[in-house]
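If you want the building blocks of each chain, they are given just below.
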Amino acid sequence: MAKKEKFSGDEPLARNRKAWHDYEIIDSMEAGLELVGTEVKSCRAHAVSLGESFAKIDRGQVFVFGMHIAPYTEGNRFNHMPLRTRRLLLHKKEILKIAQKVKERGIALVPLKLYLKNGRVKMELGLAKGKTFGDKRETLRKKQDEMDTRRSVARYS
């Protein structure tokens, strides 16, 4: 009988790679998510996508839009809607601090990753400033230069 492999808590359920490419992340914080049961089960199955998601403050609460959680395969007729708006759980002081920073020009609130912590689904939010086309190219150039130096060091050592 094969042993079941346990899920390591270090591995995120979903990452938003596009955010790191399109934005310069200034600050990050942790927030809980208000989810229904089938959404949690789908998250545990890694059936989540943060690709087109964004967060927004509305009437003193933070919501995440565009986060796709696939319907749970074992769910019944009460299964959840995949693209519904979900509330993030933050303290009022944290929301006020975020709102103050978001009012600055060019600052956005972007979901970075989704992970489990003590059995609960958490989201890492980032305060981000948009990169220009030139900034994106510069980042790619730096990454390529670092790879080249690592390869040359490995080759000659």
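Residue positions within a chain follow its written sequence, with the count starting from 1. At least 70 in pLDDT is required for a residue's local features to be given in this predicted model, at least 80 for side-chain atom pairs to be given and counted, and no such filter applies to totals for whole chains, interfaces and linings, which use all residues. Excluded from the side-chain calculations are hydrogens and water; all other atoms, namely the structure's heavy atoms, are used.

### A word on the overall build of the protein chain
(1) Moving on: Secondary structure elements follow DSSP: runs of H or I no shorter than four residues count as helices, runs of E no shorter than two count as strands, and numbering proceeds from the N terminus. When you go through the protein chain residue by residue, the secondary structure sums to four helices and nine strands.
(2) Moving on: Principal-axis analysis of the C-alpha atoms gives the protein chain an extent of 60 × 55 × 25 Å.
(3) Moving on: When burial is assessed residue by residue, the protein chain has 30% of its 157 residues classed as buried.
(4) Moving on: The contact criterion used is simple: two residues touch if any of their non-hydrogen atoms lie within 4.5 Å. The contacts of the protein chain with a sequence gap of at least 6 include a subset with a gap of at least 24, amounting to 66%.
(5) Moving on: All accessible-area figures derive from a Shrake-Rupley calculation using a 1.4 Å probe, and residue coverage is judged against the displayed protein chains alone. Accessible surface, the protein chain as shown: approximately 11300 Å² in total, 51% of it carbon and sulfur.
(6) Moving on: Side-chain charges in the protein chain split into 34 positive and 20 negative, and the spacing between the mean points of these groups amounts to 4 Å. Throughout, exposure labels follow a simple rule: accessible area from a 1.4 Å probe, protein chains only, divided by the maximum for the residue type, with under 20% read as buried, over 50% as exposed, and the rest as partly exposed. We count Lys and Arg on the positive side and Asp and Glu on the negative side, and we leave His and both chain ends out. Charge positions come from single atoms, namely NZ of Lys, CZ of Arg, CG of Asp or CD of Glu.

### Considerations on the sheet that holds strand S8 (residues 107-117)
Strands in a sheet are paired, the pairing made by backbone hydrogen bonds, and the direction either parallel or antiparallel.
(1) Moving on: Pairing between strands is defined by DSSP: at least two bridges between the two strands are required. The strand order across the open sheet built from seven strands is S1-S8-S9-S2-S7-S5-S4, with neighbouring strands paired in antiparallel fashion. Strands at the two margins of the open sheet, each flanked by one partner only, are strand S1 (14-15) and strand S4 (54-58).
(2) Moving on: Across five bridges, S4 lies against strand S5 (residues 61-65) in antiparallel orientation. From the neighbouring strand, Lys 56 faces S5, where its bridge partner is Phe 63.

### Here's the deal with the pattern of salt bridges
(1) Moving on: The salt bridge definition used is simple: a Lys or Arg side-chain nitrogen within 4 Å of an Asp or Glu carboxyl oxygen. Within the structure shown, the criterion is met by eleven salt bridges.
(2) Moving on: Two residues, Glu 30 and Lys 117, come together in a salt bridge whose shortest N-O distance is 3.3 Å. With Glu 30 in strand S2 (residues 23-33) and Lys 117 in strand S8, the pair connects residues that are 87 residues apart, well separated along the chain.
(3) Moving on: The partner of Arg 151 in a salt bridge is Asp 148, and the shortest N-O contact between them spans 3.9 Å. Remark: Asp 148 and Arg 151 occur in helix H4 (residues 133-156); sequence separation between them is three residues, near one turn of the helix.
(4) Moving on: Given the relative accessible area of 48%, Arg 151 is considered partly exposed.

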